[in-house]
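# An overview of the molecular structure
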Amino acid sequence: MIIRVFRPTVHPGAEREFEAFLRDTAVPLVSQQAGLVAQHVGRPRDPSSTEYVYVTVWEDVESIRAFAGERWQEAVITPDEEHLLKDTWIGHYEVLPTPDLTL
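A brief look at the structure comes next. The structure displayed is predicted, hence computed values, not measured ones.

Rules of the game
- Along each chain, numbering runs from 1 in the same order as the chain's sequence is written.
- For a predicted model such as this one, the threshold for reporting local features is a pLDDT of at least 70, and the threshold for listing and counting side-chain atom pairs is 80 or more; totals across whole chains, interfaces and linings nevertheless cover every residue.
- Side-chain calculation: all heavy atoms of the structure are included, whereas hydrogens and water are not.
- Helix and strand assignments come from DSSP, with helices taken as H or I runs of at least 4 residues and strands as E runs of at least 2, each series counted from the N terminus.
- Both definitions apply: the radius of gyration is a C-alpha atom measure, and the globule rule equals 2.2 Å times residues to the power 0.38.
- Exposed residues in this analysis have more than 50% of their type's maximum accessible area, buried residues have under 20%, and partly exposed residues fall in between, with area computed by a 1.4 Å probe over protein chains only.
- In what follows, a contact means two residues having at least one pair of non-hydrogen atoms within 4.5 Å.
- Accessible surface area values rest on a Shrake-Rupley calculation with a 1.4 Å probe, where residue burial reflects the displayed protein chains alone.
- Nonpolar cores were defined as sets of buried Ala, Val, Leu, Ile, Met, Phe, Trp, Tyr and Cys residues, with membership established by side-chain atoms within 4.5 Å.
- Pairing of aromatic rings covers Phe, Tyr and the six-membered ring of Trp, with a centre-to-centre limit of 6.5 Å; geometry is then stacked below 30 degrees between planes, edge-to-face above 60, and tilted otherwise.
- We count a charge as sitting over a ring when the NZ of a lysine or the CZ of an arginine lies within 6 Å of the ring centre and within 35 degrees of the ring normal.
- Should DSSP find at least two bridges between two strands, the strands are regarded as paired.
- Charge assignment: positive for Lys and Arg, negative for Asp and Glu; neither His nor the chain ends contribute.
- The term salt bridge refers to a side-chain nitrogen of Lys or Arg lying within 4 Å of a carboxyl oxygen of Asp or Glu.
- What qualifies as a polar contact is a pair of N or O atoms within 3.5 Å, subject to a donor-acceptor requirement within protein and to the restriction that residues adjacent in sequence count only when both atoms come from side chains.

Scanning the protein chain from N- to C-terminus turns up 3 helices and 4 strands. Reading the protein chain from its N terminus to its C terminus gives the helix and strand order β-α-β-β-α-α-β. Taken over the C-alpha trace, the protein chain has a radius of gyration of 14 Å; the compact-globule value for 103 residues is 13 Å, and the two agree within 12%. Within the protein chain, the fraction of its 103 residues that count as buried is 31%. Long-range contacts, defined as pairs at least 24 residues apart, comprise 70% of the intrachain contacts of the protein chain with a sequence gap of at least 6. Of the roughly 6,800 Å² that the protein chain leaves accessible, carbon and sulfur atoms contribute 51%.

Formed by 19 residues in total, the largest nonpolar core has its most connected members in Phe18, Leu22, Tyr54 and Ile64. Those elements giving two or more residues to this core turn out to be strand S1 (2–10), helix H1 (15–31), strand S3 (53–58), helix H2 (61–68) and strand S4 (85–94). Top element by residues in this core is H1. It accounts for 5 residues. Excluding residues that lie within four positions of it along the chain, Phe18 makes contacts with Pro8, Val10, Tyr52, Glu81, Leu84 and Leu85.

What follows deals with the packing of aromatic side chains. Taken as a whole and assessed by the stated rule, the structure comprises 3 aromatic pairs. On the numbers, 5.5 Å between centres and 20 degrees between planes, the contact of Trp58 with Phe67 is stacked. Accessibility assignment for this pair places Trp58 and Phe67 in one class, buried. Ring-pair connections join several aromatic residues into one group, and the members of that group are Phe18, Phe21 and Tyr52. Seen from the ring of Trp89, Arg7 lies directly overhead, with NZ or CZ sitting 4.4 Å from the centre.

Here we come to the pairing of S1. By the criterion of burial, S1 is predominantly enclosed, with 7 of the 9 residues buried. Pairing of S1 with S3 involves 5 bridges; the strand directions are antiparallel. Pairing of Ile2 across the sheet is with Trp58, part of S3.

Its location among the elements puts Glu81 in helix H3 (residues 79–82). Buried and unpaired, Glu81 has Arg4 as its nearest opposite-charge partner, separated by 9.6 Å. Within the structure, the side chain of Glu81 is placed 3.0 Å from the backbone nitrogen of Thr78, a separation counted as a polar contact.

If you want it as structure tokens, here you go:
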């Protein structure tokens with residue numbers, strides 16, 4: 001399994017609009033993707049930060065590629081959210097087996 005971590009930083013003042021985009025567009029879209037195991041979205045606890053985190057877990061790279069395309073190692077940014085974003089970061093990680101956790 002692959003963990004995909006997307007950390008978007010939104011322009012100050014765009015937090016509500018970005019959260020509405022996540023709730024109404026991004027999360028429902030990703031939820032429909034084959035191979036998605038889990039997804040979690042987090043808002044910053046630090047009031048001076050506008051960096052969010054969107055963590056998805058996928059069955060395999062092929063599942064991510066089916067969602068994101070051949071440039072799957074890059075963030076999928078829609079025109080509806082592009083103006084809200086100040087910066088983005090994305091990373092991919094293999095899930096390590098742990099004795100306490102079954103995925």
